[in-house]
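An overview of the molecular structure
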Amino acid sequence: MNVAVKVPDDAYVPEIEQEVLGTLLIGGDFRKVMSFLREEHFISDVHRLLFRAICAAHEQYSSTTMSVVSRLLPPDVSTLFVRVTDQMPMEYMASLSSQIVTGNAGLERSGKAVVSQWARLKIVDVGKTMQEAAFDATSNAKAIIQGVSDALDTISAELRAGPRQKTLHTLDAATDEALADVREAMARGNGLTGHTWGLTDVNAATGGIHPGEMVVLGARPSMGKTAVALSIALRSAGSGVGVGFISLEMGAKKLAVRRLTDIAYDWGVKVPYTNLIKGTVTEDDLAAIIAANQDADKLPLWIEEQSGLTVTDIRVKVERMAEQAAARKTALSLLVVDYLQLVRASGRYAGNRVGEIAEISWGLRELGREYGLAIIALSQLSRQVESRDDKRPQLSDLRDSGSIEQDADMVAFLYREAYYLEKAKGKDADKETDRLSRLIDVQNELEFIIAKQRNGPTKTVKLFIDIACSAVRNSVRY
């Protein structure tokens, strides 16, 4: 980040930096830019020195005026100033006042323009590096692409940083903010302090899906992970929350088919999604499904179906989704990742699966905190579940790494007794009768097992599921 940018001719506009420096030197409000602007964002050596002195002046004297800043410049800078600007330091600083256009009122915007120029020129450097590496016959194409992706992600992070969220709080201030959340939840009257799950009993047990926190939703295959995740995404989007869905296993069209049957379910149209995929539906059913979904395209829900994404790649996708959400006048607030073990790790822990999963888990959690996103990361569970008589998942079943449990603010498991009853067979006629009777009782029962919750109880919530139609609902409704 501290490497100087190689500037092509006519690509650098010094007036952009002069506007910010001039405004600060006449007493502009440094607090407007202090959270995101750093000295390495300035291209000119002289401007970097000036901004470093301005930062020191503000820290030591709470002033950025020229008289204070001049005393904090290194004693040997005159030669550099004369060589670059043909002026002595005081003379050059005084001249900057003539470059001011928007002044203090536009200081934050001017500061962002400095970062934008730095990013634009840094991209030029990345392009040159990529070209040089690509011309090397011994280089690895995948490594080049990954290196470029990482570099561009770093640049993108600088651009999106803006004024950072406040991280230092007094206990009194934090208490006031917490009470404000409580009052807001009271005003809503539904007990929610986060985004809705779309499931009343789960909302009651958790207070909703909270921004900046990561929920891990684990299950063995065929338990309904994707059905639950998509149902949550649809209901959250229906409440006005911007939702991103990273599907690393299933294509967008397959998810769209599940959406069709899920939404149609509330209209009394119960068609298995596999029938839609195979085309074995009647014209009447298809017309009813289309009618039920006529408003679904308005939902602020975006699906990314690319497989093999790294956390860095997901960050880039999230940035694009956030831009699309902003264009719809909403905010991207919830991200679903299906599923965690399919996220591709960097080469740092190559061959060490525990290390790779720890890196992925931590990366997703930090992504949520950086963007203020609620993260739902689906997770496969280890096969040891199948060796037990009681096949309800436990925290020890989280696959590959205990860091998943550590990083998650909440861990929930899905369990369908009907799945195992369908596979079993009674040893005699009486046991077979009991099995079939029990299967009828629990055919549409889904257990949502909250095994860890930082700010709430652990408990099991019973839900309704029609696995064939990908429909998940509150149990009391059906």
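Structure: above.
In this report, the structure presented in the accompanying data block is examined.

Attention now moves to the nonpolar core. If you look at the biggest cluster of nonpolar residues, it comprises 77 residues, and the most contacted ones within it are W197, I314, L335, I376 and F448. When residues of this core are assigned to their parent elements, the largest contribution, 8 residues, is made by helix α10 (residues 225–238). Beyond its immediate stretch of four places on either side in the chain, I376 contacts W197, I209, V215, L217, I232, L334, L335, V336 and V337.

The subject of this paragraph is the environment of I404. In this fold, I404 is placed in helix α16 (residues 403–407). Residues I404 and S379, 25 residues apart in the sequence, show an inter-C-alpha distance of 9.1 Å.

We now examine the pattern of salt bridges. Evaluated as defined, the whole model comprises 21 salt bridges. Residue E40 is joined to R38 by a salt bridge in which the shortest nitrogen-to-oxygen separation is 2.9 Å. Looking at E40, the relative accessible area reads 18%, which means it is buried. A relative accessible area of 25% means that R38 is categorised as partly exposed.

Taking 1.5 Å of rise per residue, 19 residues should cover 27 Å, and helix α15 (residues 353–371) covers 27 Å from first to last C-alpha, within 8% of that figure. Those residues of α15 not exposed but buried are G355, E356, I357, I360, S361, G363, L364, R365, L367, G368 and Y371. Within two residues after α15, G372 carries a phi angle of roughly 70 degrees, on the positive side.

Next up on the list: the sheet that holds strand β7 (residues 445–453). Sheet strands pair via backbone hydrogen bonds, and the direction of the pair is either parallel or antiparallel. Spatially, 9 strands are ordered β3-β2-β4-β5-β1-β6-β7-β8-β9 in an open sheet, and the strand pairing comes out mixed. The strands lining the two open edges of the sheet, one partner per strand, are β3 (301–304) and β9 (471–474). The sheet shows a mean angle of 25 degrees between the axes of neighbouring strands, taken without regard to direction. Summarising the sheet, strand β6 (residues 410–415) and β7 pair through 6 bridges and their orientation is antiparallel. Bridged to M410 within β7 is Q453. Seen against the sheet, helix α14 (residues 311–327) touches β2 (242–247), β3 and β4 (332–338) and runs at an angle of roughly 140 degrees to β4.

Calculation rules
Residues numbered from 1 in each chain as written. Predicted model: local features only at pLDDT ≥ 70, side-chain atom pairs only at ≥ 80, totals over all residues. Heavy atoms only, no water. Core = buried A, V, L, I, M, F, W, Y, C linked by side-chain atoms within 4.5 Å. Buried < 20%, exposed > 50% of the residue type's maximum accessible area, 1.4 Å probe, protein only. Helix = DSSP H or I, 4+ residues; strand = E, 2+ residues; numbered from the N terminus. Contact = heavy atoms within 4.5 Å. Salt bridge = Lys/Arg side-chain N within 4 Å of Asp/Glu carboxyl O. Expected span 1.5 Å × (residues − 1). Pairing = 2+ DSSP bridges. Axes fitted to C-alpha atoms, helices over the stretch in contact; angles between N-to-C directions.

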